[in-house]
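Architecture and fold: a report
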Amino acid sequence: MEYKRFDNTIFARIDKGEEILEQLKEIALQEHIKLASVSALGAINDFTVGVFKTAEKQYYANEFQGYYEITSLTGTITTKDGEYYAHLHMSAGNEKGEVFGGHLNRAIVSATCEMVITVIDGTVERRFDEEVGLNLFQF
């Protein structure tokens, strides 16, 4: 992984064999990012995304392997208990054009991932909400 910062915007290249969430965390910690918007595209060959069933307050994961193009990867960096917290969603399409997606748990890059991180001045903390069952923005 390599990246370059331009004022409040970071352009990153995540390389073959690297896991996207791990690399994003490394950048955020190195750059002391407390609040940011994240977007990316690229190619992956092994990923896990989930869906949150609100009635059960539980995530269910789906694993995929093969040739996939990231059609959308978007999310936020915030803090929870003052520490780094990322929340990303991803959609990826296969060679048939079928697209699968959800809450990103992990994704291994097969060729490259081009990521743009827009750093925002400030912080937004998250706190667990018992009623919803998720870590929600706390203003």
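This section reports on the structure supplied with the text. On a predicted model such as this, the values are computed, not experimentally measured, just so you know.

Time to look at the overall build of the protein. On a plain count of helices and strands, the protein comes out with 1 helix and 8 strands. Along the protein, helices (α) and strands (β) appear in the sequence β-β-α-β-β-β-β-β-β when read from the amino end. The globule rule puts the C-alpha radius of gyration for 139 residues at 14 Å, and the 15 Å found for the protein is close to it. With the C-alpha coordinates of the protein rotated into their principal frame, the extents come out at 45 × 45 × 20 Å. Burial analysis of the protein (139 residues in total) assigns 40% to the buried set. Long-range contacts, defined as pairs at least 24 residues apart, comprise 64% of the intrachain contacts of the protein with a sequence gap of at least 6.

What follows covers the environment of E63. Within the element layout of this structure, E63 appears in strand 4 (residues 58–80). Remark: the alpha-carbon pair of E63 and G50, spanning 13 residues in sequence, is separated by 8.6 Å. Ignoring anything within four residues of it in the chain, the contact list for E63 reads F47 and T48.

The next point concerns the layout of surface pockets. Computed from the structure, the largest pocket encloses a volume of approximately 200 Å³. Residue lining of the largest pocket: 13 residues in total, with Y59, H87, H103, L134 and N135 positioned closest to the centre. Where the lining of the largest pocket is concerned, the elements lending two or more residues are strand 3 (36–53), strand 5 (83–93) and strand 8 (134–138). A per-class count over the lining of the largest pocket returns 6 nonpolar, 6 polar and 1 charged.

Counted under the stated rule, the structure contains 5 salt bridges. The salt bridge involving R13 is made with E2; its shortest N-O contact spans 2.8 Å. Linking R13 in strand 2 (residues 9–15) with E2 in strand 1 (residues 2–6), this pair joins segments that are 11 residues apart in sequence. Each of the salt bridges in this network shares a partner with another, and the network as a whole consists of E2, R13 and D15.

So, about the pairing of strand 3. As paired elements, strand 3 and strand 4 share 16 bridges and run antiparallel to each other. Bridge assignment links T48 to a residue of strand 4, and that residue is E63. Here strand 3 folds back onto strand 4, and the loop between the two strands holds 4 residues, one of which, K57, carries a positive phi near 55°. Of the strand pairs in this sheet, strand 3 and strand 6 (residues 99–119) are connected by 13 bridges, and their pairing is antiparallel.

Looking now at the packing of aromatic side chains. A complete count under the given rule lists 7 aromatic pairs for this structure. Summarising the aromatic geometry, the rings of F64 and Y68 are spaced 6.2 Å apart at their centres and angled 65° between planes, so their arrangement reads as edge-to-face. Judged by its relative accessible area of 14%, F64 falls in the buried class. Taken together, the ring pairs in this structure connect F47, F64, Y68 and F100 into an aromatic cluster. Over the ring of Y60 we find K53, and its NZ or CZ is 4.7 Å from the ring centre.

It is generally the case that most residues other than glycine have a negative phi and that most peptide bonds are trans. Located in the positive-phi region is H32, a residue other than glycine, with phi close to 55°. Backbone geometry places K57, a non-glycine residue, at a positive phi of 55°. Inspection of the secondary structure assignment puts K57 in the loop between strand 3 and strand 4. Judged by its relative accessible area of 41%, K57 falls in the partly exposed class.

Conventions we followed
Residues numbered from 1 in each chain as written. Predicted model: local features only at pLDDT ≥ 70, side-chain atom pairs only at ≥ 80, totals over all residues. Heavy atoms only, no water. Helix = DSSP H or I, 4+ residues; strand = E, 2+ residues; numbered from the N terminus. Rg over C-alpha atoms; globule rule 2.2 N^0.38 Å. Buried < 20%, exposed > 50% of the residue type's maximum accessible area, 1.4 Å probe, protein only. Contact = heavy atoms within 4.5 Å. 1 Å grid on protein atoms, 1.4 Å probe; cavity = no way out; pocket = protein on both sides within 12 Å on 5 of 7 lines; lining within 4 Å. Points joined across faces, edges and corners; volume = space filled by probe spheres on them. Nonpolar A, V, L, I, M, F, W, Y, C, P; charged D, E, K, R; others polar. Salt bridge = Lys/Arg side-chain N within 4 Å of Asp/Glu carboxyl O. Pairing = 2+ DSSP bridges. Phe/Tyr/Trp six-rings, centres within 6.5 Å; stacked < 30°, edge-to-face > 60°. Lys NZ or Arg CZ within 6 Å of the ring centre and 35° of its normal.

None of this, on its own, says anything about what the molecule does.
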